[in-house]
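Notes for the structure review
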Amino acid sequence: MADVHHCDSVYLQRSYSLYEITEDISYCCYRMSYPGYPPTGYPPFPGYPPTGQESSFPPPGQYPYPSGFPPMGGGAYPPAPSSGYPGAGGYPAPGGYPAPGGYPGAPQPGGAPSYPGGQGFGAPPGGAGFPGYPQPPTQSYGGGPAQVPLPGGFPGGAMPSQYPGGQSPYPSQINTESFPSYPVFSPVSWDYSSEPAPMTQGTHGTIRPAANFDAMRDAEVLRKAMKGFGTDEQAIIDVVANRSNDQRQKIKAAFKTMYGKDLIKDLKSELSGSMEELILALFMPSTYYDAWSLRNAMKGAGTQERVLIEILCTRTNQEIREIVRCYQSEFGRDLEKDIRSDTSGHFERLLVSMCQGNRDENQNVNHQLAQEDAQRLYQAGEGRLGTDESCFNMILATRSFPQLKATVEAYSRMANRDLLNSVSREFSGNVESGLKTILQCALNRPAFFAERLYYSMKGAGTDDSTLVRIVVTRSEIDLVQIKQMFSQMYQKTLGTMIASDTSGDYRKLLLAIVGQ
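By the naming in an unreviewed UniProt entry, the protein is Annexin, taken from Bos mutus. Its UniProt record gives the protein the following Sequence similarities (unreviewed entry) comment, quoted word for word: "Belongs to the annexin family." Of the comments in the UniProt record for the protein, the one headed Function (unreviewed entry) reads "Calcium/phospholipid-binding protein which promotes membrane fusion and is involved in exocytosis."

**Let's talk about the overall build of the protein**
Helix and strand counts for the protein come out as 21 helices and zero strands. Of the contacts formed within the protein by residues at least 6 apart in sequence, a portion of 79% connects residues at least 24 apart. Carbon and sulfur atoms make up 52% of the accessible area of the protein, which amounts to about 22900 Å² in all.

**Brief notes about helix α21 (residues 504-514)**
Buried within α21 are the following residues: Tyr506, Leu509, Leu510, Leu511, Ile513 and Val514. Directly beyond the C-terminal end of α21, a positive phi value near 90 degrees is found at Gly515.

**A look at the packing of helix α3 (residues 215-226) against helix α5 (residues 245-259)**
Where α3 contacts α5, the axes come no closer than 8 Å and their chain directions differ by 70 degrees. With respect to α5, the axis of α3 lies roughly perpendicular. The way α3 lies across α5 gives a crossing that is right-handed. Across from Ala215, Met216, Asp218, Ala219, Glu220, Leu222, Arg223 and Met226 in α3, the residues of α5 making contact are Lys250, Ile251, Ala254, Phe255, Met258 and Tyr259. Here the contact of α3 with α5 is built from residues that sort into ten nonpolar, no polar and four charged.

**Points about the side chain of Gln247**
Relative to the helices and strands, Gln247 is located in helix α5. Note on Gln247: relative accessible area 7%, which makes it buried.

**Some thoughts on the packing of helix α16 (residues 419-426) against helix α17 (residues 429-457)**
To describe two helices that pack against each other, one gives the angle between their axes and the distance between the axes. The N-to-C vectors of α16 and α17 enclose an angle of 175 degrees; their axes lie 10 Å apart at closest approach. Considering their axes alone, α16 and α17 lie roughly antiparallel with respect to each other. Residue-level inspection shows Leu419, Leu420, Val423 and Ser424 of α16 in contact with α17, the latter providing Glu432, Leu435, Lys436, Leu439, Gln440 and Leu443. Residues belonging to the contact of α16 with α17 are distributed by class as follows: six nonpolar, two polar and two charged.

**Quick look at the nonpolar core**
Formed by 106 residues in total, the largest nonpolar core has its most connected members in Leu278, Ile279, Leu335, Leu509 and Ile513. It is α17 that contributes the most residues to this core, 15 residues altogether. With sequence-adjacent residues up to four places away left out, Leu509 is seen in contact with Ile237, Val240, Ala241, Met275, Leu278, Ile279 and Leu282.

**Some points on the packing of aromatic side chains**
As enumerated under the stated definition, the model contains eleven aromatic pairs in all. Here Tyr289 and Trp292 contribute two aromatic rings whose centre-to-centre distance is 6.3 Å and whose plane-to-plane angle is 15 degrees, an arrangement assigned as stacked. Within this pair, Tyr289 and its partner Trp292 are both found in helix α8 (residues 286-298), separated by three residues, close to a single helical turn. Each member of the pair, Tyr289 as well as Trp292, carries the same accessibility label: buried. Put simply, the rings of Tyr454, Tyr455, Phe486 and Tyr490 pair up and form one aromatic cluster. The ring centre of Tyr259 lies 5.5 Å from the NZ or CZ of Arg223, which sits over that ring.

**Comments concerning the confidence of the model for the protein**
In this model, the protein carries an average pLDDT of 74, and 60% of its residues clear a pLDDT of 70 or more. Scored below 50 in pLDDT, residues 1-14 makes 24 contacts in the model with residues more than four places away or belonging to other chains. In this model, residues 36-43 is a region of pLDDT below 50 whose contacts with residues beyond four sequence positions or in other chains number 15 contacts.

**Describing helix α7 (residues 273-283)**
Burial analysis of α7 places nine of its eleven residues in the buried class, the great majority of the element. Within α7 the residues assigned to the buried category are Met275, Glu276, Glu277, Leu278, Ile279, Leu280, Ala281, Leu282 and Phe283.

**With respect to the pattern of salt bridges**
A full pass over the atoms with the stated rule returns 22 salt bridges. Across the pair Asp290 and Arg315 runs a salt bridge, and its minimum N-O distance is 3.0 Å. Taken together, the residues Asp290 in helix α8 and Arg315 in the loop between α9 (305-312) and α10 (317-331) connect sequence positions 25 residues apart. Accessibility classification places Asp290 together with Arg315 in one group, the buried group.

**Describing the environment of Phe255**
On the secondary structure map, Phe255 appears in helix α5. Sequence-wise, Phe255 and Asp218 are 37 residues apart; in three dimensions their C-alpha atoms are separated by 8.7 Å. In contact with Phe255, not counting residues within four places along its chain, are Ala219, Arg223, Met226, Gly260, Lys261, Asp262, Leu263 and Asp266.

Criteria and thresholds
- Residues numbered from 1 in each chain as written.
- Predicted model: local features only at pLDDT ≥ 70, side-chain atom pairs only at ≥ 80, totals over all residues.
- Heavy atoms only, no water.
- UniProt positions renumbered as here; feature names shortened; annotations may be inferred.
- Helix = DSSP H or I, 4+ residues; strand = E, 2+ residues; numbered from the N terminus.
- Contact = heavy atoms within 4.5 Å.
- Areas by Shrake-Rupley, 256 points an atom, 1.4 Å probe, with all protein chains shown as cover.
- Buried < 20%, exposed > 50% of the residue type's maximum accessible area, 1.4 Å probe, protein only.
- Axes fitted to C-alpha atoms, helices over the stretch in contact; angles between N-to-C directions.
- Parallel < 35°, antiparallel > 145°, perpendicular 65-115°, else oblique.
- Left-handed = near helix turned anticlockwise from the far one by under 90°.
- Nonpolar A, V, L, I, M, F, W, Y, C, P; charged D, E, K, R; others polar.
- Core = buried A, V, L, I, M, F, W, Y, C linked by side-chain atoms within 4.5 Å.
- Phe/Tyr/Trp six-rings, centres within 6.5 Å; stacked < 30°, edge-to-face > 60°.
- Lys NZ or Arg CZ within 6 Å of the ring centre and 35° of its normal.
- pLDDT = per-residue confidence, 0-100.
- Salt bridge = Lys/Arg side-chain N within 4 Å of Asp/Glu carboxyl O.

The following block contains the structure:
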């Protein structure tokens, strides 16, 4: 273009023949089309710019290029990204959650008859997504984790509002017919330094096997507590709250041997309401109680999806396989068939995957696989129009919990957003809740149960079935950690909330189990 201006300026000063003009223009066009043209700067040219027109022409070597095009030969044009995914930028890596274990080995199922089921736990309304769980303590329970900026939210904007401080309170009327996503609690802190802990069992329970245990002596105490007019509930509490589940099974057997009567039937005749439900849950073998809870959640009209998700998405492979066998032997039914008949769509597929009990439980983390899975999940969700639900199901149903934790971290670095939030945007209803439960357990299982306990008591009324089920099933596994996370997340102790939301012997027994 500069050559054209040069030609114009020269022609203004004297006359040229048509042939000379044609030759000059051809030369200018040739120079403009030559590869690498224009050069990085123009040398001064005689007669440029025309005398008296300096202000209307740019200085030599600084002729502007058209906007929107990079200079030829490289320069300041930004390089193309190496992949099709947004860069992480300065996004901090989340993580640092040991995944505590599941249930201890349960006694053989059977022995305890099923009893009328209470109300299943309801479904609080959906929240704005889960930015993540606070980091559980990794040593003793005295000190809190280091304060580290919390990832999450949306690129270029503020994080979604979190409870408390932005989200409306949980409604007083719990809806038991649906299962939207979990409400969001107020996050406390993250610790990105720790590695996932092995899924050890029976190390952080509030109930431990009693020393100098005598099943016949305990059976006699219970017999005296129920004999005659009235019932000595405190004597019953002192026994059942201080014995492990295995020891309670021995007490039950000793009672029948000594008195020729069924302990469960005697207890049912002496107790009622929530106290009865709690006592009977304590005397059920652990595996049987899970199987009974699943059966109770699916029988009759409607399905309590939250019970299905809580049990099937949080248990270990061995526990799930034992539950499946117990379900068949005690109720004469196939668990997978019942799930297929009571659920549908992608939620059905997720639960069927869970009840296979085939999750990888290798505690070693493959970081390359975590990166690849993060890319697959992005391409299956945020990186496309629509959602590839099967990809999410495959990864979340087969990878170990420590591996999933590493995948969550890789996803946050790659996509600059939290995987839990992405699941909330890509899914809805029960399948969303199931997928998020798996991820929440991979990050911090005690925090998941602490939140469930909180919302079972928040608002008007109490969801006693949820309260009883979680307190009983976690009492020998990780209830100590759950209590710690509860205090950290809600600035009050679990015992304080139980005491304010329950009453009578029911309250005394719950507080005895949680260690208050």
